[in-house]
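Analysis of the macromolecular model
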Amino acid sequence: VSEERAPRPREWRPQIYRKCTDTAWLFLFFFFWTGLMFIMGSWAVAGATARLLFGYDSFGNVCGKRNSPVEGAPLSGQDMTLKKHVFFMNSCKPDIKDRKLGSTALCVSSCPEEQLNTLEEVQLFANTSGSFLCIYNLNSFNYTRNPNANSLCPRLPVPPSKSFPLFNRCVPQTPECYSLFASVLVNDVDTLHRILSGIMSARDTILGLCIFALALSLTMMFTFRFITTLLVHIFISLVILGLLFVCGILWWLYYDYTNDLSIELDTERENMKCVLGFAIVSTVITAILLVLIFVLRKRIKLTVELFQVTNKVIRSSPFLLFQPLWTFAILIFFWILWVAVLLSLGTAGTAQVIADGQVEYQPLSGIRYTWWYHLIGLIWTSEFILACQQMTIAGAVVTCYFNRNKNDPPDHPILSSLSILFWYHQGTVVKGSFLITVMRIPRIILMCIYDTLKTKQHGKWSRGTFRCCYCCFLCLDRYLRHVNQNAYTTTAINGTDFCTSAKDALKIASKNSSHFTPINCFGDFMIFLGKVLVVCFTVFGGLMAFNYNRVLQVWTIPLLLVAFFAYLVAHSFLSVFETVLDALFLCFAVDLETNDGSSEKPYIMDQDFLSFVKRINRVNTARAQRDMDSLRTEEGTELGPIVR
């Protein structure tokens, strides 16, 4: 009776049974997106993105467009179609109120590129260029006649300025004025505006570098597609040269910055600090990767054979290589939509008239909570899209692997995998992506707290504690990603829910870890080196491009954005091989679990893969035997008698 009541271990049934999994999570994701769509619609109406992108004056007018009047502000509601630049009347000696720029801002058609010393020169500039630098209700004819012209016109002398892509502002070009103006201007805007200003000032360079990263990722993907031993050696040599070259360039730039005479400017100091930080980080990463390459160099031949087996699976379903293109296009569309809503959130506010008819915009109440909801939507949806790609690729690999007739491959495995994902397992993908989101949000909160503690007088123990917690969440995030990938593959095999699939995958992977873990880890390491190569060459191009604009901008955010985009693109394309590798070895473990190689239960794997696994076992057995012989020799030396 006890044996009958004892629960039987659940058997692996590849592609036999299928049901809807984790449906409650799918409904939760639907309700979450309902709230997200409500936020998008409501804040898109309340926001004013043009005010953030193009800049606005002190009277509620957005520069470069026709405006509606604000009640109580007589100088609002003007047509600024031809006036696209923001000019601050007292840019050289700004009024600072609560660490913010209190100078009156005007919309002008052009910035004065030469210094104006008298009101007559200001009047002449207005008549010749059509750019009026005094208050709107003062006619240029009265610049020299009105007794109040000193308070209605800019302070003299007016420094030469140039339109800077920081919301089309006229930035003074003399070093003594620029340093003060830039430091006050940075304090005048929040973090969102600083990020957008850096991106806008280098948008052409960023776009070119992103296209370059995309081309490099495609090249790397086709290199792995037709990989050979010679290509692996060339590839590793390029990685080593790229790492050393980027480190050398960064240290050279830091030396060049320290000997630059214009280092007194704030932007120069920020760039020098960023170059030093990038140089230290890149040097540490280079040292670690060089040691790993030296230690693992003897596994190159087996790695080439591993990728050849992987390419045979991809050859049976060549459209797997185009899967990242669809995923990347969907991600780009979603990110553009998300950024548009973010701009609306950043500009949603009510106009309030203050002294002298000037207008200030007060943010709406409760908007900060909306930012957090919007951020969770970004992370969860992005992870969901990437998880759908992993599930689709894993399902296609499972379909091809468990096909008994290798001479007759299944028709349209990708479409079959997509249909199974759509009809049965969307809830599983939602649950897995939610776990990654749960790990990502605490990391963001801990980094915000760490930055707050860093700017205040807090002890080193507090900052160190938060930093350690952040590293723990980072390691847990990496582990969960691996668990999720195996869970998606198990769901594609058995049709079980996420928790059951993750548990089964951990059990069978731990049971058969000796077969494939070492070589699989080195295969993943080679794919990671491909991502590093793409990032290295993209960052090198960014360093060369951004170095020409030292004085005009702090290029930390653009360079970090380019590096992040390059890694993301490389990961999107090269993760195809990584997902195929993980799915292939998990299918191999299931094959060993359900079959024994006899005539009644023959293995499903093809002969090439079977011979590759046997070769790995022989290498591992020979290495273990050498270790045992070495251990016995050492023991014999220690315990043997001394012969004289």
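The model shown is predicted, which means the values in this text are computed figures rather than measured ones. (Residues numbered from 1 in each chain as written. Predicted model: local features only at pLDDT ≥ 70, side-chain atom pairs only at ≥ 80, totals over all residues. Heavy atoms only, no water.)

Some points on the nonpolar core
Residues Phe235, Tyr401 and Phe609 are the most contacted members of the largest nonpolar core, which totals 83 residues. When residues in this core are grouped by element, the largest group, 21 residues, is from helix α19 (residues 556-594). Apart from residues lying up to four places away in sequence, phenylalanine 235 is in contact with Met220, Phe224, Met526, Leu529, Gly530 and Leu533. Formed by 28 residues, the second largest nonpolar core is a distinct cluster that contains Cys63, Leu75, Phe88 and Cys107. (Core = buried A, V, L, I, M, F, W, Y, C linked by side-chain atoms within 4.5 Å. Buried < 20%, exposed > 50% of the residue type's maximum accessible area, 1.4 Å probe, protein only. Helix = DSSP H or I, 4+ residues; strand = E, 2+ residues; numbered from the N terminus. Contact = heavy atoms within 4.5 Å.)

Here we look at a nonpolar patch on the surface
A cluster of nonpolar side chains, Phe212, Leu230, Leu231, Ile234, Leu238 and Phe537, forms an exposed patch at the surface whose accessible area comes to about 510 Å². Top element by residues in the nonpolar patch is helix α9 (residues 229-258). It accounts for four residues. Residue placement: leucine 231 occurs in helix α9. (Patch = residues over 30% accessible without salt bridge, like charges linked within 9 Å, V, L, I, M, F, W, Y side chains within 5 Å. Areas by Shrake-Rupley, 256 points an atom, 1.4 Å probe, with all protein chains shown as cover. Salt bridge = Lys/Arg side-chain N within 4 Å of Asp/Glu carboxyl O.)

Here we look at helix α4 (residues 119-129)
By the burial criterion, the buried members of α4 are Leu119, Val122, Gln123, Phe125 and Ala126. Taken end-on, α4 shows its buried residues confined to a sector of 160 degrees, consistent with a single buried face. Relative to its buried face, α4 has exposed residues pointing more than 90 degrees away, namely Leu124, Asn127 and Thr128. Turning to α4, the residues buried within the fold contact α5 (149-152). Among the residues trailing α4, glycine 130 stands out with phi positive, at a value near 75 degrees. (Arc of directions from axis to C-beta.)

A closer look at the state of the cysteines
Following the criterion strictly, the structure yields three disulfides and no others. Two residues share a disulfide in this structure: cysteine 63 and cysteine 107, whose sulfurs sit 2.0 Å from each other. Looking down the S-S bond of the cysteine 63 and cysteine 107 bridge, the torsion is -80 degrees, so its handedness is left-handed. Separated by 44 residues along the polypeptide, cysteine 63 in the loop between α3 (49-54) and β1 (85-88) and cysteine 107 in strand β4 (residues 105-108) bring together distant segments of the chain. In this pair, the class of cysteine 63 matches that of cysteine 107, namely buried. Paired through a disulfide, cysteine 134 and cysteine 153 show a sulfur-sulfur distance of 2.0 Å. As the torsion about the S-S bond is roughly 110 degrees, the cysteine 134-cysteine 153 disulfide counts as right-handed. Of this pair, cysteine 134 sits in the loop between α4 and α5 while cysteine 153 sits in the loop between α5 and β5 (161-164); the two residues are 19 residues apart in sequence, bridging distant segments of the chain. Across the pair, exposure class does not vary: cysteine 134 and cysteine 153 are buried alike. Cysteine cysteine 247 shares no disulfide, and the gap to the nearest cysteine sulfur, in cysteine 536, comes to 7.8 Å. (Disulfide = S-S within 2.5 Å.)

Examining the side chain of glutamate 383
Secondary-structure assignment places glutamate 383 in helix α13 (residues 367-401). For glutamate 383, the residues in contact, after removing those within four places along its chain, are Ser433, Ile436, Thr437, Arg440 and Arg481.

Considering the environment of serine 140
Along the chain, serine 140 turns up in the loop between α4 and α5. A relative accessible area of 10% means that serine 140 is categorised as buried. For serine 140 and glycine 130, which are ten residues apart along the polypeptide, the C-alpha to C-alpha distance reads 9.7 Å. In this structure the side chain of serine 140 is engaged in a polar contact, spanning 3.3 Å, whose partner is the side chain of asparagine 127. (Polar contact = N/O pair within 3.5 Å; in protein donor to acceptor, adjacent residues only side chain to side chain.)

Considerations on unusual backbone geometry
Across the junction of leucine 156 and proline 157, the peptide omega takes the value -5 degrees, indicating a cis bond. As for its placement among the helices and strands, proline 157 is situated in the loop between α5 and β5. You will see that aspartate 22, though not glycine, has its phi angle at about 50 degrees, which is positive. Residue placement: aspartate 22 occurs in the loop between α1 (2-5) and α2 (23-46).

Side note on the packing of aromatic side chains
Inspection of the entire model under this criterion finds 14 aromatic pairs. Aromatic pair phenylalanine 32 and tyrosine 373: ring centres 4.7 Å apart, planes at 25 degrees, arrangement stacked. Note that phenylalanine 32 is positioned in helix α2 and tyrosine 373 in helix α13, a separation of 341 residues in sequence. By relative accessible area, tyrosine 373 is classed as partly exposed at 26%. (Phe/Tyr/Trp six-rings, centres within 6.5 Å; stacked < 30°, edge-to-face > 60°.)

Regarding the pattern of salt bridges
Tallied over the entire structure, the rule returns three salt bridges. Notably, a salt bridge pairs lysine 431 with aspartate 22, separated by 4.0 Å at the nearest N-O pair. In this pair, lysine 431 is assigned in helix α15 (residues 426-455) and aspartate 22 in the loop between α1 and α2, connecting sequence segments 409 residues apart. Aspartate 22 carries the same exposure label as lysine 431, and that label is buried. Taking the shortest distance from any N to any O, the salt bridge between glutamate 578 and lysine 531 comes out at 3.3 Å. You can see glutamate 578 sitting in helix α19 and its partner lysine 531 sitting in helix α18 (residues 513-546), a full 47 residues away along the chain.

Re helix α17 (residues 498-511)
The end-to-end C-alpha separation of α17 is 20 Å, in line with the 20 Å expected for 14 residues at 1.5 Å each. Taken together, the buried positions of α17 are occupied by Phe498, Ser501, Ala502, Asp504, Ala505, Ile508 and Ala509. Taken down its axis, α17 places every buried residue within 170 degrees of arc, on the same side. Facing away from the buried side of α17 by over 90 degrees, the exposed positions are Lys507, Ser510 and Lys511. (Expected span 1.5 Å × (residues − 1).)

As for the UniProt feature "transmembrane region" (unreviewed entry) in the chain
Under the present numbering, the feature "transmembrane region" (unreviewed entry) in UniProt falls on residues 23-46, 206-227, 234-255, 275-296, 325-351, 371-402, 525-546 and 552-570. Helix makes up 97% of residues 371-402 and strand 0%. Its end C-alpha atoms lie 46 Å apart. (UniProt positions renumbered as here; feature names shortened; annotations may be inferred.)

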